[in-house]
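Residue-level structural notes
Given next are the chains, with one letter for each unit.
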Amino acid sequence: MKILFTLCVLLLLFGCGSGGGGTEVSDDSSNNNISIQPENDYTDDESIVLLLGAMSLAEGALQISDIISAEFNYFYLSNDIINYRTCENNGKVDWTHSSTTPSKGQLVLDFQNCLLTYFPNKSYEQERFNANGQVTLNYEILSTTDSNLNDYRKPGVVKYSLDVTHSVLSISEPLPNRPQVFIEFEFALTSEQEWNTNEYNINTDGYRNREIIIESFYAPIITNNYDSLTNTNISQSFEESDKNYNGESYKMTLEGQFLSGFDNTTWQMESNYEISLAGGSPTGRTSINNENNLVVGVADNFEMSLLYNQNILGYALIYDLFDTDTLWYLKGNKELTDNTQRITPFTIIDSNEDTFNIFDNSQKLELTYNKIIDEAYIDLFNLENYFASTESATFEVLDNKLIINPPKNEEDNVIGITVQVGSKFSIDHNIYKFTYDRFNRGEFSYGLGTYLPTKNIFLSSNSSAWLEKNAQGKITNVFYGHNSFGRLCYDKQNKYLILEQNYREKHIKVDIDTYELLDEYPNAFMTINSIDNYCNDVNYKQKTGHAIIEQYTFSTKQGNVFENSEFALTHRVIPNPLSNNSIYILANTMHYDESKIQEFTLLDNSAISNEKYVYNSELYNNNNFFLVSEEEGRIYTPTRILDLYDPSYVIHKFNDTSILYVDKENHLIVTYSAIYNSENFDKVMDLSFIDNNIFLSKVVKTNDSYHFKLNNDVDFILKINQIMQ
């Protein structure tokens, strides 16, 4: 709903009108002409805002009625074991239910940071907002269909009544740190409809009507002061069209009192609209009047004309005035429920994973979902050989519950499986992965993203949102309105992030807490460090196919290039922490298993090699790990540790393995095969039980663990205190 109007936009919409030129018009809804001739109390601009504010308040009341009706229908048709609805952003609507008879009871809807999407019927955009607060409703199901609906295990509701006691919801845009708007309401409604079955044997909504008695509805529509509807009756009816789209019709009437927060005046409000053809224009009028003032909006041919005390003020397209078609359409129970199903993620709400032992042949894994499972959408995938058993898993389905007989093989020390489950009520699938180690050497997690240490969360993205996850892979927050990103880095003061977007052609800087956009860099690139994701102000990379190193500085948004024939073999560039104008280069040599390390001094557009810093280092698993540690006075290469101030001196060499991570805080070096003490190079923990071929040459340290990045977006997790012991 339009919670806060922008006055100037509305005035522009009506700018083509006569501005109160005195044209007298007749009332199209009756045979009587308007004969009021009072002195005007309001300007033309103020009368526009008053009428459209009253209409938007009615629009908001109908939307709230739709939302609560949708939540009730979803609750009614859900399995009895479900006691909450999951929202798109990982918020939820908690249910507290008590009943006196099977058809009568009380339901408390507790909206907890729930992202709601309001679906229009035709040519309007979806509305999305976060909701918080409790709504208490007393319900009675007056009649149902004789048999269960085809898609559910319950009959469809034909007629029901809801008595919504005084409730308050706060709503806000689905972005961080947006102001909240509080809406208060108390109303009762009665809904009745017919049910049809189409040629595909699918139940559909038929003729329907709804009566709403609004005791009160408060919202800040015109100003920050609250506007309200009180003692208002709304009647709606809708006739569905046939298969040839003939016969669709809609009618709506409204009578009640409108209190304007603009000047604390009370108006009598009346509306009467109908649509006679599918896709047709609403025709009818809305009026607000008090002792000296009459403001009328007349709708016809997809336009609305506005009149104040018989003077035509102008015209505007109906689509431009209202966010949705709420005033011109009535959703049926099936449509309300299906829309709610669409915005409810398909999730697991209960499992026995914590007590399940995959190596006990008598046990089965039980997963309970929030929707009925469709067996046509179940797939069980064994992971690659290093995780999977040679046997196949089997399953059985009981409504919302999936019971899995996992693969078991006494020769397997690690067993993993991917379960992909779908529901006919969801456009998405739930992908659940579980992995068990017979010897409990570590934990497993999936699809986490990039670790942000100050928030102790992992950040990832999809096409429409950014997702925060904990170490177990559970989504803790969803932030909509953001494009997907590739790599990211964070500054050492943990105030901002820089992210790659649009296939690395564009970078953006955002606030690390709110993700609010701070700056843009159209032609930038970033260099990610080996052991952390700190942002470098100055970044380097090789220009593909050229003996050129490119430089980009974020603080100045300037780029530069440096040439040297030896750059042709470069595959890693690292800034030298001891010098502002020199870099280290890792370059391939004539031997495929060696990497040449060399320092270059950067002068204008050329780079000069400093030969005393040349050293060959063996590669392992094509690992090009390289770290300059100024505080330790060391250079870490894939297999050797060199003295920073005399790189010809080898402090230590690793044989048959290479370095993945250096933990300076705990004095540990993580390699493919083991973890070593970085001071005396004693072996602390053996890692040879994990096949080297599955590593992606990346280890991430969190506040309490090491995450080994493996194939298939899998993290193998070792607790640091486990290693230290």
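Scroll up a little and you will see the structure.
First, a word on what this report is: a plain description of the structure on this page.

What counts, and at which threshold
Residues numbered from 1 in each chain as written. Predicted model: local features only at pLDDT ≥ 70, side-chain atom pairs only at ≥ 80, totals over all residues. Heavy atoms only, no water. Helix = DSSP H or I, 4+ residues; strand = E, 2+ residues; numbered from the N terminus. Buried < 20%, exposed > 50% of the residue type's maximum accessible area, 1.4 Å probe, protein only. Contact = heavy atoms within 4.5 Å. Areas by Shrake-Rupley, 256 points an atom, 1.4 Å probe, with all protein chains shown as cover. Axes fitted to C-alpha atoms, helices over the stretch in contact; angles between N-to-C directions. Parallel < 35°, antiparallel > 145°, perpendicular 65-115°, else oblique. Nonpolar A, V, L, I, M, F, W, Y, C, P; charged D, E, K, R; others polar. Pairing = 2+ DSSP bridges. Disulfide = S-S within 2.5 Å.

Our focus in this paragraph is the overall build of the protein chain. A tally of helices and strands in the protein chain yields five helices and 48 strands. Burial statistics for the protein chain: of 725 residues in total, 52% are counted as buried. By sequence separation, contacts in the protein chain at least 24 residues apart represent 52% of the contacts at least 6 residues apart. Here the protein chain has roughly 32,900 Å² of accessible surface; of this, 43% comes from carbon and sulfur atoms.

This next bit is on the packing of helix α2 (residues 44–77) against helix α4 (residues 333–343). Relative orientation of the contacting elements α2 and α4 amounts to 85 degrees, with a least axis distance of 8 Å. When the axes of α2 and α4 are compared, the pair comes out roughly perpendicular. On the side of α2, the interface is formed by Asp66, Ser69, Ala70, Asn73, Tyr74 and Leu77, while α4 contributes Asn333, Leu336, Thr337, Thr340 and Gln341. In terms of residue class, the contact of α2 with α4 is built from four nonpolar, six polar and one charged.

Turning our eyes to something else, we now look at the sheet that holds strand β42 (residues 659–663). Within a sheet, neighbouring strands are paired by backbone hydrogen bonds and run either parallel or antiparallel to one another. Strand order in the open sheet formed by four strands is β42-β43-β44-β45, with antiparallel pairing between adjacent strands. In the strand order of this sheet, the two ends are held by β42 and β45 (683–686), each with one partner. In this sheet, neighbouring strand axes are inclined to one another by 20 degrees on average, regardless of whether the strands run parallel or antiparallel. In this sheet, strand β43 (residues 668–671) lies alongside β42 in antiparallel orientation, the contact comprising four bridges. By the bridge assignment for β43, Tyr661 is matched with Val670.

Time to look at the state of the cysteines. As used in these notes, a disulfide is a covalent bond between sulfur atoms, one from each of two cysteines. Per the counting criterion, the structure on display carries two disulfides. Two residues share a disulfide in this structure: Cys87 and Cys114, whose sulfurs sit 2.0 Å from each other. Where Cys87 bonds to Cys114 through sulfur, the torsion about that S-S bond is close to -100 degrees, and the disulfide is left-handed. Linking Cys87 in the loop between β1 (84–86) and β2 (92–101) with Cys114 in strand β3 (residues 104–118), this pair joins segments that are 27 residues apart in sequence. Between Cys489 and Cys535 runs a disulfide, and the two sulfur atoms are separated by 2.0 Å. Every disulfide takes its handedness from the sign of the S-S torsion; for Cys489 and Cys535 that torsion is 100 degrees, giving right-handed. Residue Cys489 is located in strand β27 (residues 488–490), and its partner Cys535 is located in the loop between β30 (517–521) and β31 (538–542); the two are separated by 46 residues in the primary sequence.

Across the sheet, which stays open at both edges, the four strands sit in the order β15-β16-β19-β18 with antiparallel pairing between neighbours. In this open sheet, the two strands that pair with only one neighbour each are β15 (348–351) and β18 (394–398). Between one strand axis and the next, the sheet turns by 25 degrees as a mean value, whatever way the strands run. Alignment of strand β16 (residues 365–369) against strand β19 (residues 401–405), held across four bridges, turns out to be antiparallel. Across the sheet, residue Leu365 finds its bridge partner in β19, namely Ile404.

Just distances and angles here, no functional claims.
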